[in-house]
Amino acid sequence: MATPSRNVLLIDSTGRGHAIADLFQRSDPSVRVFYGPGNSSVADERICTVPEVSLSSPASAVQFCQARAIDFVFVSHIDALSTGYVDFLKASGIPTIGPDRAAARLEASKAFTKSLLQRYKVKTARFKVFDQPEPAKQYIRTLGYEVVVKADGLCEGNGAYVCSDQASALHAVDNIMLARAHKDAGNRIVVEERLFGVEISIFALFDGKEFLLFPAALDYKRSDDGNKGVNCDGMGSLSPHPLADKALYHEIQTELLEPLGAAILGEGLKYTGFIYIGAMLCDDGIKVIEINVRFGDSEAEAVLPKVQSNFVQLCEGVLQGTLSSMSLETDDKCYCNVVAAQGPTLRLDEDGREIRYPGWPHGDFEVGCPISGLEAVDRRNSRLFLANVRRDAEYSLVTAGGRVLHVTGFGDNYAQAVHHAYANIEKIRFKGMSYRSDIGLIYGSVDAKRQRREIPSLPSTWQMPRGALS
Ligand code: AMP
Ligand code: GLY
C-alpha cells in the first residue's frame, strides 16, 4: 500500500458520508480519510472514524485538525453547514470545502431560496410566502391550480405537502402553522404551484465561480411502493437519470446552473462544495423544486460510485478556484440504490404488553436490532453503504436509526443494476427490515419530446422484485 500523503477530514455521519469517504479512498490510493463523527460500523484501512469530532461543535474539528496534519476539511452534513461550521473552520485558518452559514440558507430557508430564484430568473414554480395561516388560506381559495404547501425551515425531508385538492392544502396550512407539526420550521410557509412531470436530482461541484456537473439521479422520495405514502429523505435512487441525455445536461447548464451561479455571486454568498438541485422535467421545460447545499442521500450512493476522477484533486481544484480547467470522468454503468429501513415491529414490554412501532418514516421505530447477511453481499456487482448501523457492546452490528443501510447494484443496464441491488438486499436480515420493491420503475408523466429521446427503458424481461419484508 502506498504511504498516505493526504489527510482529509470529512464531516458527516450518514450513508452519504460513507459514499463520499469511499469516493476519496477509492479514487486516490494515497489519501487517508478521517470521518467525523462518522460511523463506528464503517471500517476500512484508509477510512478512520473519529467520534470525538462532533457535528454540533466545529471547535472539536479544529482541535482534531491541529492534532493531525489535515490538508483540508469537507463538510457535507446540513446540521453542521446550517449552523456555521464552515465559517468557524475558515476563521481558524483551516482550508474547508462547504457553503458558509449564509449560503446554507439556500437549503435552510425555502422562502429565501424561492425569492432568490425569482430575482435571478431561475425557472421555478409560481409561489407566495406567508407568516400567518389566514392570508395563506385565503390565497389558496383563490387559486385555480393544485399547490404544494411547505414549511420554510429544515424538516428532515417531510415538510412539503403535495396537495391534490383545496381541502388538503388548507389542512396542510393548519398542520404546519397551528398544530406546529414542524415546530419553528413552520413559522413561515411557502405556497407554490404543484408541478407535474418526472423529478430529477442534479449535482455539481462548485468552486465559488464554476460548476462541474456530476451525473444526475432519479430519487424515490415516497415511502411506499407505487410512489405512495409520505415524502421522506428517500428510499432509493437510480443513476444516471434515465431521461438525462446531452440535450438535457445542456438545458441544465444554461437554464439552471448559469443563472444560479449568477445568483450566488450576485448575492455575495460564499459557497464551495456540492450543490444539489431538485428539479421537475415539465412539459414546458425544467423547473427547480428545491436547492440543497450538500449531496443527496440516497443519490450519493448511486452517483458517486460512477465517478472515476481523483476526488482529492477535484477538491484541490475547488480550494484553488481552478475547477474550470478540470473535467469529470465517470464509468458507463447503471447504478440502483435500494434503502433498507427500520420498518414496523412488535415488541413485548416487561409486563407482557404489546408495543407496536409503526417504523420509519411513519413514526417511532426500534433500534438495536441485530443485522446479519452483510458479508454475503456480492461485491462484484454491488456496493454496501452503511447509514444507521452501529456496533453494540459485543462489537456486533445493530440498527441505529430509520434509514439503516443502502445496497447499490450495478450493471451494464438498469435491469441488471436493479436485479443486483435486490438479489443482494434479500441476503440481509434484521427485525423489521423494510424496503421498496419497485425502485427502477419510472413514475410521473413524461412529455412526448422527452419520451422520444428517452435512452434506456426497463426491458420486457424485467420482473418486479419480491415484496418488502415485514
Ligand atoms: P422539498 O421539501 O421542497 O424538497 O420537496 C419534497 C418533495 O415534494 C419533492 O422532492 C417533490 O417530490 C415534492 N414537491 C415539492 N415541491 C413540489 C412542486 N412544486 N410540485 C410537485 N411536487 C413537489
Ligand atoms: N434524497 C433527498 C435528499 O437528500 O434530501
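Here's the deal with the pairing of strand β1 (residues 6–12)
Burial of β1 is extensive: 6 of the 7 residues sit out of reach of the surface. In this structure, β1 lies alongside strand β2 (residues 31–37), joined through 7 bridges in parallel fashion. Note on β2: the bridge partner recorded for L9 is F34. In this fold, β1 hands off to helix α1 (residues 15–27), which returns the chain to β2; that crossover is right-handed.

Concerning the sheet that holds strand β16 (residues 273–282)
Strand order in the open sheet formed by 4 strands is β11-β10-β16-β17, with antiparallel pairing between adjacent strands. The open sheet has two edge strands with one neighbour each: β11 (211–213) and β17 (285–292). Neighbour-to-neighbour, the strand axes of the sheet open up by a mean angle of 35 degrees, direction not taken into account. The pairing of β16 with β17 spans 7 bridges and is classified as antiparallel. Within the sheet, the bridge partner assigned to Y276 lies in β17 and is N292. In this fold helix α9 (residues 246–266) packs onto β10 (198–206), β11, β16 and β17, with an angle of close to 45 degrees to the strand it touches most, β17. Of the strands in this sheet, β10, β11 and β16 touch helix α11 (residues 311–320), which is tilted by about 70 degrees from β10.

Brief notes about the site of ligand 1
Close contacts around ligand 1 come from 15 residues, with K150, E192, L195, E199 and E290 the closest. Between ligand 1 and K110, the relevant distance is 3.2 Å, taken from an oxygen atom to a side-chain nitrogen or oxygen of the residue. Note that a nitrogen atom of ligand 1 is positioned 2.8 Å from one of the backbone N or O atoms of L195. In the complex, 93% of the free accessible area of ligand 1, which totals 480 Å², lies under the protein chains. Those elements that place two or more of their residues in the shell around ligand 1 are β7 (147–151), β8 (160–162), β9 (189–193) and β17. A class-by-class count of the residues in the shell around ligand 1 yields 6 nonpolar, 1 polar and 8 charged.

With respect to the side chain of T124
Counting through the fold element by element, T124 comes out in the loop between α6 (110–119) and β6 (127–130). Residue classification places T124 among the buried positions, given a relative accessible area of 19%. Here K114 takes part through its side chain, which lies 2.8 Å from a polar atom of the side chain of T124.

Comments concerning the pairing of β16
The buried fraction of β16 is high, at 10 of 10 residues. Pairing geometry for β10 and β16, over 9 bridges, is antiparallel. Looking at β16, one finds that S201 is bridged to G278. Counting the residues that bridge the hairpin from β16 to β17 gives 2 residues.

Brief notes about helix α8 (residues 166–178)
Taking 1.5 Å per residue as the helical rise, α8 with its 13 residues ought to reach 18 Å, and the 17 Å between its terminal C-alpha atoms agrees with that figure. Where α8 is concerned, the buried positions are A169, L170, A172, V173, I176 and M177. Projection of α8 onto a plane perpendicular to its axis shows the buried side chains occupying an angular sector of 155 degrees, all on one side. Turned more than 90 degrees off the buried face of α8, the exposed positions are A167, H171 and L178. Structurally, α8 contributes buried residues whose contacts are with β6, α7 (133–142), β7, β8 and β9.

Comments concerning the site of ligand 2
By nearness alone, every residue bordering ligand 2 is listed as D219, K221, D233, Y276, R294, G296, D297, S298 and E299. Separating a nitrogen atom of ligand 2 from a backbone N or O atom of D297 is a distance of 2.8 Å. Burial of ligand 2 by the protein amounts to 91% of the accessible area it has alone, namely 190 Å². Here the residues of the shell around ligand 2 sort into 1 nonpolar, 2 polar and 6 charged.

Notes on the packing of aromatic side chains
One pass over the full model with this rule turns up 17 aromatic pairs. Their ring planes at 85 degrees and their centres at 6.0 Å tell us that F24 and F74 sit as a pair that is edge-to-face. Here F24 is found in helix α1, whereas its partner F74 is found in strand β4 (residues 72–75), with 50 residues between them in sequence. Judged on exposure class, the residue F24 and its partner F74 are both buried. Between F206 and F211, the aromatic rings sit 4.2 Å apart at their centres with planes inclined by 20 degrees, giving stacked as the arrangement. By the burial criterion, F206 is buried, and F211 matches it. Among the aromatic residues, ring-to-ring pairing joins F24, F72, F74, F203, F214, F274, Y276, F295 and F311 into one connected group.

Focus: the pattern of salt bridges
Applying the stated criterion across every chain, the model contains 31 salt bridges. For the salt bridge of K123 with E255, the shortest nitrogen-to-oxygen distance reads 3.5 Å. With K123 in the loop between α6 and β6 and E255 in helix α9, the pair connects residues that are 132 residues apart, well separated along the chain. On the accessibility criterion, K123 (32% relative accessible area) is partly exposed. With a shortest N-O distance of 3.9 Å, D233 and R403 are connected by a salt bridge. Pair noted here: D233 is in the loop between β14 (228–231) and β15 (236–239) and R403 is in strand β24 (residues 403–411), with a separation of 170 residues, a long-range link. Salt bridges here are not isolated pairs; linked through shared partners, they connect E199, D219, K221 and E290.

Reading the values: the criteria
- Residues numbered from 1 in each chain as written.
- Chains lettered and ligands numbered in written order.
- Predicted model: local features only at pLDDT ≥ 70, side-chain atom pairs only at ≥ 80, totals over all residues.
- Heavy atoms only, no water.
- Buried < 20%, exposed > 50% of the residue type's maximum accessible area, 1.4 Å probe, protein only.
- Helix = DSSP H or I, 4+ residues; strand = E, 2+ residues; numbered from the N terminus.
- Pairing = 2+ DSSP bridges.
- Right-handed = clockwise from strand over helix to strand, strands pointing away.
- Axes fitted to C-alpha atoms, helices over the stretch in contact; angles between N-to-C directions.
- Contact = heavy atoms within 4.5 Å.
- Near = heavy atom within 4 Å.
- Polar contact = N/O pair within 3.5 Å; in protein donor to acceptor, adjacent residues only side chain to side chain.
- Areas by Shrake-Rupley, 256 points an atom, 1.4 Å probe, with all protein chains shown as cover.
- Nonpolar A, V, L, I, M, F, W, Y, C, P; charged D, E, K, R; others polar.
- Expected span 1.5 Å × (residues − 1).
- Arc of directions from axis to C-beta.
- Phe/Tyr/Trp six-rings, centres within 6.5 Å; stacked < 30°, edge-to-face > 60°.
- Salt bridge = Lys/Arg side-chain N within 4 Å of Asp/Glu carboxyl O.

On their own, these measurements won't tell you what the molecule is for.
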